[in-house]
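Below, each chain spelled out in residue letters.
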Amino acid sequence: MPITAIELLAQVPDSTVYVSWWKLVLVFLVFAGWTKFAEWVDKDTVAVNTYRVAWNLGVLALGATTLGLMLFVPIFGAGIAAAAVLCLAVMLGYVLHRNGLVVEHDKVLTAEHIGRLLSGKGGKGEKKLEVHEFVRITGPDKKPVTLPDDNEGRQAFALAQAVLFDALRRMGSDIFVQPAGEASKVRLMIDGVAADRDPIPRAEGDAIVGFFKRAAGLSLEERRKPQVGRLMATIADKKFDLIVRTQGSTAGEQLVVRILGDERTFKIGDLGFTDEQLGRVRDLLHEQHGVLLFTAPPKQGLSTTIHSVTRSKDAFLLNIQTLDYDDEIRIDNVTQHLHVPGGERSFYDDLVRVTRTDPDVIIVPTVKDRGVPPLLAEVAKKPQVITGIHALDLYDGLRRWISMVEDSKLVARGLRAIFHQRLARKLCTTCKAAYKPDAATLQKLSMPADQVLYRPPEAQFDKHGQPMLCEACGGSGYSGRVGVFVLLENDADVQQAIAAGGDELKAVLMKKSGLSLQQQALAKVLDGTTSIDEVIRVTRPVQQPRAAAPSSAKAAS
Ligand SMILES: [Zn+2]
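Model, not experiment: these values are computed from the prediction.

**Side note on the packing of helix α2 (residues 21-47) against helix α4 (residues 76-99)**
Each pair of packed helices gets described by two things: the angle between the helix axes and the distance between those axes.
So, step 1. For the pair α2 and α4, interaxial distance at closest approach is 12 Å and the crossing angle is 15°. Taken together, α2 and α4 sit at an angle that is classed as roughly parallel. For the crossing formed where α2 meets α4, the hand is left-handed. On α4, the residues that touch Trp22, Lys23, Leu26, Val27, Val30, Gly33, Phe37, Trp40, Val41, Asp44 and Thr45 of α2 are Phe76, Ile80, Val90, Met91, Tyr94, Val95 and Arg98.
So, step 2. Looking at the contact of α2 with α4, its residues break down into 13 nonpolar, two polar and three charged.

Quick look at the structure:
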């Protein structure tokens, strides 16, 4: 016989057994505490730049478990005690985690924090940190990044300002912030030379990383995968583009800020070509076919040169198409295609598509993939092709290009000219010091006996024995860089030697004049642009660049 509804209801225990008013109040109090905690965690994970989604899910699971413990454990006292212990454990765990990510002042539940709370200085009434804005930072939405209201945000703002101001004032090209255990390393690249700053506490380093991520609109939760964003910085009416990159490593999340200043508008006349070279480059740029191959060791200004060459072409009259791995540098009126690594199409496929649009000029700033050089050499019959590869010197560049194209006859036919370059630091015009080199040096350099040269000044000290540093260059004696170039046109001799292959090529190059990088650099010593020491530094042989690897090759190349 089926059980009737009445009988079923009769089996339900008397509700007064389970619900008494004080139990309800206790459950409500625990729930209210949990809600406050959940709200705070949601906001705090963003503020301290930690895993927001994961922590929110954890807090939700905690809420469900707590509720379960209170409702379903038969002995109410035991259930609520277990729930309270669990809640406290998770809350404490979170506090320890987030305290590890912030500077001392922003830690919570420390003696100092509780003291502040008790004396009424905490929370809303807290005195705001004094912060100065040296550099105006503009976000991707073109709106200025404003000074935050909370002290944690203000501190991150101040730290980021300090490191950015330091870099911009010294005309740095990159800022690196890298975690290393309890500390963070801060490094600037100034004129291609690394300048390490004193390490800062890890929490401050992380605050700087967090500031740049937030300002550039990057995901704060993503701390592992590479992210890229853009900002603009203005200091004394001078504008800079900032490319912000973050990426996780085993040590933690690291930050690289690339600073783009004047080079965003460089044309060929700004690079350091001699007048004679500049005339030849202008003529070459007017031609309608053939490959112009630029070569340099890594981080010696190769992409800056190719972008400057691109800007020097007439973008109104010509259909110019570029294909690159990044679109950091934007050039007006030029169609810039971006290759996305790991996407559906290979770089080669993308290049094929570009060639089908009937361009007048194809520009591939960096060649990394197999199959690309043969295609570039092949298509250069109609459009002009401008491209770059890493190489140790001019001969090495030519040899590499021949091996990459895999057809020396095609190279001999299609190559129009090859360039090689290095970057030399320019002497600081404020503090450079004239001197007369000794006779032996002058003779070695085939310079006249009365030749005056320049170099960084001797170290100067004030009456307290403190070093007096030049304001303009920070005491390095150098400020800015200039390209030193050699250039070889593929004339009949060279063509023949390339097609023949083997040792003949080197012999032909030896006979050509103007191919000595050192001679070209010494010309810049004679006119006072740079020093002999700098020429020795930049023209010494460099290590073999690594074979094509499509990841790095970014910073300052
Ligand atoms: Zn100086």
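**Points about helix α12 (residues 394-405)**
So, step 1. In this model, α12 (twelve residues) spans 16 Å end to end at C-alpha, consistent with the 16 Å of a helix rising 1.5 Å per residue.
So, step 2. Listed as buried for α12 are Leu394, Asp396, Gly397, Leu398, Arg400, Trp401, Ile402 and Val405.
So, step 3. Taking the backbone nitrogen of tyrosine 395 as reference, a side-chain oxygen 3.2 Å away marks aspartate 393 as the first, capping residue of α12.
So, step 4. Backbone geometry just downstream of α12 places glutamate 406 in the positive-phi region, at approximately 65°.

**Points about the coordination of the zinc ion**
Four donors placed tetrahedrally about a metal ideally form angles of 109.5 degrees, and six donors placed octahedrally ideally form angles of 90 or 180 degrees.
So, step 1. Surrounding the zinc ion are the protein donor atoms Cys428 (SG), Cys431 (SG), Cys470 (SG) and Cys473 (SG), at 2.3 to 2.4 Å.
So, step 2. Coordination at the zinc ion comes from four donor atoms whose angles at the metal span 103 to 117°, giving a geometry best classed as tetrahedral.
So, step 3. In the primary sequence, the donor residues of the zinc ion line up as C-x2-C-x38-C-x2-C. Here cysteine 428, found in the loop between β14 (415-427) and β15 (433-435), pairs with cysteine 473, found in the loop between β18 (467-468) and β19 (478-489); they are 45 residues apart in sequence, far enough to count as distant.
So, step 4. Among the residues examined, cysteine 428 registers a relative accessible area of 2% and is labelled buried.

Thresholds, definitions, all that
- Residues numbered from 1 in each chain as written.
- Predicted model: local features only at pLDDT ≥ 70, side-chain atom pairs only at ≥ 80, totals over all residues.
- Heavy atoms only, no water.
- Axes fitted to C-alpha atoms, helices over the stretch in contact; angles between N-to-C directions.
- Helix = DSSP H or I, 4+ residues; strand = E, 2+ residues; numbered from the N terminus.
- Parallel < 35°, antiparallel > 145°, perpendicular 65-115°, else oblique.
- Left-handed = near helix turned anticlockwise from the far one by under 90°.
- Contact = heavy atoms within 4.5 Å.
- Nonpolar A, V, L, I, M, F, W, Y, C, P; charged D, E, K, R; others polar.
- Expected span 1.5 Å × (residues − 1).
- Buried < 20%, exposed > 50% of the residue type's maximum accessible area, 1.4 Å probe, protein only.
- Polar contact = N/O pair within 3.5 Å; in protein donor to acceptor, adjacent residues only side chain to side chain.
- Donors = N, O, S within 2.8 Å, 3.2 Å for Na, K, Ca; no water.
- Tetrahedral: all angles 85-135°; square planar, octahedral: opposite > 155°, others 65-115°.

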